[in-house]
Amino acid sequence: MATTPASIVIVEDEPDIADLLALYFRRESWDVTLCDNADRALDVIRSRQPDFVILDIGLPGERDGLDVCRELRMTSNVPVLFLTARDDEIDRILGLELGADDYVTKPFSPREVVVRAKAILRRGASTQETIKRVDFGSISVDLERHEVTVDGEPITLAAQEFALLEHLVSNVGIVLSREQILAGAWGPDWIGDIRTVDVHVRQLRRKLGDDLPVATVRGTGYRLG
Ligand code: CA
């Protein structure tokens, strides 16, 4: 089960629809973020890391909701529910096999959308296996027990170092900015120099050795794997 309150990003350019959906989801204690165009959608979704995404297909700008989903799917399995205005859009959703979890056609009942979103989250929670252990060459990370070994030898990590490692492991293959790492690993209220991330990454490299596949992404941040 997703942690409560669940979080959602709603990408919809029609303010009336966006506000109505926001109202219904907030009533159910969801943490709602609105976005009204395709170009900002990916940034918003990546920084918020929501449990659920609602994506309108017809969006202003060069890209539509389908483009956003296509790009999103390269790095994320977050459930996506599409809003469509026309039948031919449904054909395109199904034809492209974008990994959409559901769609609703306008006009729709916001209550129905909330019910469907909850059902999709429940379904995901029952089938999704939680990652408990990850191996990188000689390195083994047990996320449940908070234990890390290199060649079978236990390594002592400070709490912040482990939190950083855990955050990187949960986002394998994704380029994370230092800001995202700060908020994701140590919480949104963490206050400190952004270079702390570099210090801790350096510590992880030193303690875990060359098998740790952390890449420095120039001008951005870091990527694991
Ligand atoms: Ca629209």
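Every chain's residues receive numbers from 1 upward, in the order its sequence appears when written. Given that the model is predicted, a residue must reach a pLDDT of at least 70 before its local features are reported, and side-chain atom pairs must reach 80 or more before they are shown or counted; all residues, however, enter totals for whole chains, interfaces and linings. Side-chain calculation: all heavy atoms of the structure are included, whereas hydrogens and water are not.

J.: Before we go on, may I ask you to explain the domain arrangement of the chain in this structure?
T.: Think of interface size as the accessible area that goes away when the parts come together; that is how it is often given. Assigned domains within the chain: domain 1 (7-125) and domain 2 (133-224). Segment limits for the domains were obtained from an automatic or database-derived domain assignment. Just the C-alpha atoms count here: the centres of domain 1 and domain 2 sit 31 Å apart. On the side of domain 2, 5 residues touch domain 1, which itself brings 4 residues to the contact. Between domain 1 and domain 2, roughly 300 Å² of surface is buried when both sides are summed, and carbon and sulfur atoms account for 49% of that area. A quick way to say it: buried area is the sum, across both parts, of accessible area lost when two parts are put together, with a 1.4 Å probe. Summed over the three residues of domain 1 that lose the most area to domain 2, namely Arg46, Gln49 and Thr75, the buried surface amounts to 86% of that side. In protein, a polar contact means a hydrogen-donor-capable atom and an acceptor-capable atom, both N or O and within 3.5 Å, with residues adjacent in sequence counting only if both atoms are side-chain atoms; elsewhere, any N or O pair within 3.5 Å suffices. Our count for the contact surface shared by domain 1 and domain 2 stands at 1 residue pair in polar contact (both at pLDDT 80 or more). Residues are sorted three ways: Asp, Glu, Lys and Arg are charged, Ala, Val, Leu, Ile, Met, Phe, Trp, Tyr, Cys and Pro are nonpolar, and all the rest, Gly among them, are polar. Split into classes, the residues belonging to the side of domain 1 that touches domain 2 amount to no nonpolar, 3 polar and 1 charged. Here a residue-residue contact requires only that any non-hydrogen atoms of the pair lie within 4.5 Å.

J.: Which parts of the structure should I look at to understand the state of the cysteines?
T.: Here, two cysteine sulfur atoms that lie within 2.5 Å of each other are counted as a disulfide. Tallying each qualifying case throughout the model produces 0 disulfides. Free cysteine Cys35: the closest other cysteine sulfur is in Cys69, separated by 14 Å.

J.: I keep staring at the sheet that holds strand 9 (residues 153-155) and nothing clicks. Help me out?
T.: Pairing between the strands of a sheet comes from backbone hydrogen bonds, and it takes one of two forms, parallel or antiparallel. Pairing within the open sheet is antiparallel, and its 4 strands lie in the order 6-7-8-9. Taken across any chain shown, the strands that pair with only one partner, and hence form the sheet edges, are strand 6 (133-136) and strand 9. Shown here is a sheet whose adjacent strand axes are inclined to one another by a mean of 25 degrees, direction ignored. Think of it this way: DSSP has to see at least two bridges between two strands before they count as a pair. Put simply, DSSP marks the helices as runs of H or I at least four residues long and the strands as runs of E at least two long, and each gets a number from the N terminus on. One ladder, built from 4 bridges, connects strand 6 with strand 7 (residues 139-142); its direction is antiparallel. Of the residues in strand 7, the one forming a bridge with Asp135 is Ser140. The strands touched by helix 8 (residues 196-208) are strand 7, strand 8 (147-150) and strand 9; relative to strand 8, the strand with the most contacts, the crossing angle is about 50 degrees. Working convention: axes come from line fits to C-alpha atoms, limited for helices to the stretch in contact. Angles between N-to-C directions cover 0 to 180 degrees.

J.: I'm lost on helix 1 (residues 15-27) in this one. Help?
T.: Residues spaced three or four apart along an α-helix point in a common direction, a consequence of the helix completing one turn every 3.6 residues. The span one expects for a helix is its residue count, reduced by one, times 1.5 Å. End to end, helix 1 covers 18 Å across 13 residues, agreeing with the expected 18 Å (1.5 Å per residue, within 8%). Immediately downstream of helix 1, the backbone of Ser29 shows phi near 70 degrees, a positive value.

J.: Explain the coordination of the calcium ion to me, please; I cannot follow it from the model alone.
T.: Ideal donor angles around a metal are set by the shape: a four-donor tetrahedron calls for 109.5 degrees, a six-donor octahedron for 90 or 180 degrees. For the calcium ion, every protein donor is listed as Asp13 (OD), Glu14 (OE), Asp56 (OD) and Gly58 (O), and the spread of their distances is 2.2 to 3.2 Å. For Na, K and Ca the donor cut-off is 3.2 Å, while for other metals it is 2.8 Å, and in both cases only N, O and S atoms qualify; water is not among them, so sites may look incomplete. Linear spacing of the donor residues for the calcium ion on their chain is D-E-x41-D-x1-G. One end of the pair, Asp13, is in the loop between strand 1 (7-11) and helix 1; the other, Gly58, is in the loop between strand 3 (52-56) and helix 3 (65-72), with 45 residues separating them in the sequence. The exposure class of Gly58 is partly exposed, given its relative accessible area of 40%. Burial classes: relative accessible area under 20% of the type maximum marks a residue as buried, over 50% as exposed, and values in between as partly exposed (1.4 Å probe, protein chains only).

J.: Hey, could you run me through the side chain of Lys106 in this one?
T.: One can find Lys106 in the loop between strand 5 (102-105) and helix 5 (110-127). Lys106 sits in the buried class, given a relative accessible area of 16%. A distance of 2.9 Å separates polar atoms of two side chains, one belonging to Lys106 and the other to Glu14. The residues touching Lys106, leaving out its near neighbours within four places in the chain, are Glu12, Glu14, Ile17, Asp56, Leu83, Thr84 and Ala85.

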